[in-house]
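If you want the building blocks of each chain, they are given just below.
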Amino acid sequence: MSIHRFLLCVCMVTATSAWLLAEEEPTVPNAYPAGPLGEVVRLGEQLVYETKDHPLSKPFVGNQLNCTSCHLDGGTHPDAGSFLQTAAAYPAWSPRENRVITLEDRVLNCFMRSQNGIRPPNGSQVSVAITTYITWLSTGSKIQMNEKKPLGPRHVPELEFDWSKANPVQGKEGYKTYCLDCHGQDGQGTADGPPVWGPQSYNDGAGLSRVPKLASWLKVGMPLDDPSLTKQEAADIAAYINRQQRPRFKLEEHLPKAERLGEYNFEPAQP
Ligand code: HEC
Ligand code: HEC
């Protein structure tokens, strides 16, 4: 092919991928919906930031974390636990439940595991508000239900790495260098960062309790404001952190009483 044709091709390919990229880069919607729906979106946003303290969500939280502790910037971070486009993947197949689950079910699972708490009832105010907020963050995305896993298109992809090479002894040194200032000598947290192990952390049924998942998340999320670990460092530190003590997950201890598993969404109209 002539050099001109070749250059033309290169330009077209570059232009096309730039266009695809622009199309795929999701953004936070620039306005809340009107009326009560918008109020519920805002309530959900608040609950995502203040999960452990807000009176509606606090009874269901068993540690010192908020959703935003891992879903950075309230889930608007493009990489670390992003909620952008997430609703488009649901309902999705969940191998763990051996069932198709809804976005609401997925939210409630994070309460039981990552928040080490009790599953709020389906249809409860807290669960509806958070699900509404996450759905709002997917405004404009095309439905693309996930038939393999309950994960959205922007979930943290697992790093390619030989996990048998993750070295917790090295990880302890890495933790001291990069993490200790904010997360504390004994992992119990400081004013600058939440606990990463111990009784106030995520339990061993949470996604982050798996070394590959934690390492992949650290690679895009930590140290906060400067995620710069190498794959090896992320793997080593993840192996170190996940060797420490944390709450044990037993499903029965995280379910509400049977009669509280679901609520009918109804409120009498004001006279
Ligand atoms: C300790 C960290 C942590 C906390 C706290 C946490 N999550 Fe998660 N959550 C995760 C991880 C890890 C995943 C898997 C995401 C991935 O692989 O990208 C996840 C997945 C999810 C998903 C599915 C995302 C997708 O891509 O489909 C939703 C929805 C979700 N969490 C909601 C919540 C809500 C709501 C809260 C607060 C009540 C919460 N999470 C608290 C770590 C956490
Ligand atoms: C400048 C302070 C700072 C540094 C340094 C830092 N973090 Fe964090 N980290 C945070 C904050 C703050 C959050 C919660 C994010 C939020 O609420 O916005 C967090 C969240 C986390 C979480 C998820 C929530 C939890 O507590 O389980 C983990 C895991 C974590 N950091 C691990 C690390 C590791 C490992 C390092 C070192 C490689 C590190 N962080 C370095 C401040 C920091």
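Residues numbered from 1 in each chain as written. Chains lettered and ligands numbered in written order. Predicted model: local features only at pLDDT ≥ 70, side-chain atom pairs only at ≥ 80, totals over all residues.

Q: Can you help me understand the overall build of the chain in this one?
A: Check the secondary structure of the chain and you find nine helices and two strands. Starting at the N terminus, the α and β elements of the chain follow one another as α-α-α-β-β-α-α-α-α-α-α. Over its C-alpha trace the chain gives a radius of gyration of 21 Å, about what one expects of a compact globule, namely 18 Å for 271 residues. Judged by the C-alpha coordinates and their principal axes, the chain covers about 75 × 55 × 35 Å. (Helix = DSSP H or I, 4+ residues; strand = E, 2+ residues; numbered from the N terminus. Rg over C-alpha atoms; globule rule 2.2 N^0.38 Å.)

Q: I keep staring at the site of ligand 2 and nothing clicks. Help me out?
A: Near ligand 2 you find 25 residues, and of these Cys179, Cys182, Gly193, Met222 and Pro223 are the closest. Broken down by secondary-structure element, the contributors of at least two residues to the shell around ligand 2 are helix 3 (67–70), helix 7 (180–183) and helix 9 (231–241). Taken together, the residues of the shell around ligand 2 sort by class into 18 nonpolar, five polar and two charged. Viewed by domain, the shell around ligand 2 spans two of them, domain 1 (35–154) and domain 2 (163–241), each represented by three or more residues. (Near = placed C-beta within 6 Å. Nonpolar A, V, L, I, M, F, W, Y, C, P; charged D, E, K, R; others polar. Domains from an automatic or database assignment.)

Q: Mind showing me how you'd approach helix 6 (residues 168–178) here?
A: All of the buried residues in helix 6 are Gly171, Gly174 and Tyr175. Taken around the axis of helix 6, the buried residues stretch over an arc of 105°, which confines them to a single face. Exposed and oriented more than 90 degrees from the buried face of helix 6 are Val169 and Thr177. Contacts made by the buried residues of helix 6 are with helix 7 and helix 9. (Buried ≥ 20, exposed ≤ 12 C-beta atoms within 10 Å, placed from the backbone. Arc of directions from axis to C-beta. Contact = placed C-beta atoms within 7 Å.)

Q: Is there a simple way to think about the site of ligand 1 in this case?
A: Near ligand 1, the surroundings consist of 28 residues, among which Cys67, Cys70, Cys110, Gly152 and His155 are the closest. Elements represented by at least two residues in the shell around ligand 1 include exactly helix 3, helix 4 (103–112), helix 5 (125–136) and helix 8 (211–221). Broken down by element, the residue count for the shell around ligand 1 peaks at four residues, all from helix 4. Among the residues forming the shell around ligand 1, the class breakdown is 16 nonpolar, 10 polar and two charged. Each of domain 1 (35–154) and domain 2 (163–241) accounts for three or more of the residues forming the shell around ligand 1.

Q: Quick question: what am I supposed to make of the domain arrangement of the chain here?
A: One frequent convention defines the size of an interface as the accessible area lost when the parts assemble. Domain boundaries assigned for the chain yield domain 1 (35–154) and domain 2 (163–241). Between the C-alpha centres of domain 1 and domain 2 the distance comes to 23 Å. Each partner contributes to the interface: domain 1 provides 12 residues, whereas domain 2 provides 14 residues. In terms of residue class, the side of domain 1 that touches domain 2 is made up of four nonpolar, six polar and two charged.

Q: When you look at the packing of helix 8 against helix 9 in this model, what are you seeing that I'm missing?
A: To characterise two packed helices, one gives the angle between the axes of the helices and the distance between these axes. Close contact between helix 8 and helix 9 brings their axes to 8 Å; oriented N to C, the two are set at 130°. Taken together, helix 8 and helix 9 sit at an angle that is classed as oblique. Helix-helix and strand crossings are classified by hand; for helix 8 and helix 9 the assignment is right-handed. Across the interface between the two elements, Val211, Leu214, Ala215, Leu218 and Lys219 of helix 8 pack against Lys231, Ala234, Ala235, Ile237, Ala238, Ala239 and Ile241 of helix 9. Partitioned by chemical class, the residues of the contact of helix 8 with helix 9 number 10 nonpolar, no polar and two charged. (Axes fitted to C-alpha atoms, helices over the stretch in contact; angles between N-to-C directions. Parallel < 35°, antiparallel > 145°, perpendicular 65-115°, else oblique. Left-handed = near helix turned anticlockwise from the far one by under 90°.)

Q: So what exactly am I meant to see when it comes to the UniProt feature "domain: Cytochrome c" (unreviewed entry) in the chain here?
A: Annotation from UniProt places "domain: Cytochrome c" (unreviewed entry) at residues 166–245. Secondary structure over residues 166–245 splits into 46% helix and 0% strand, and the C-alpha atoms at its two ends are 18 Å apart. (UniProt positions renumbered as here; feature names shortened; annotations may be inferred.)

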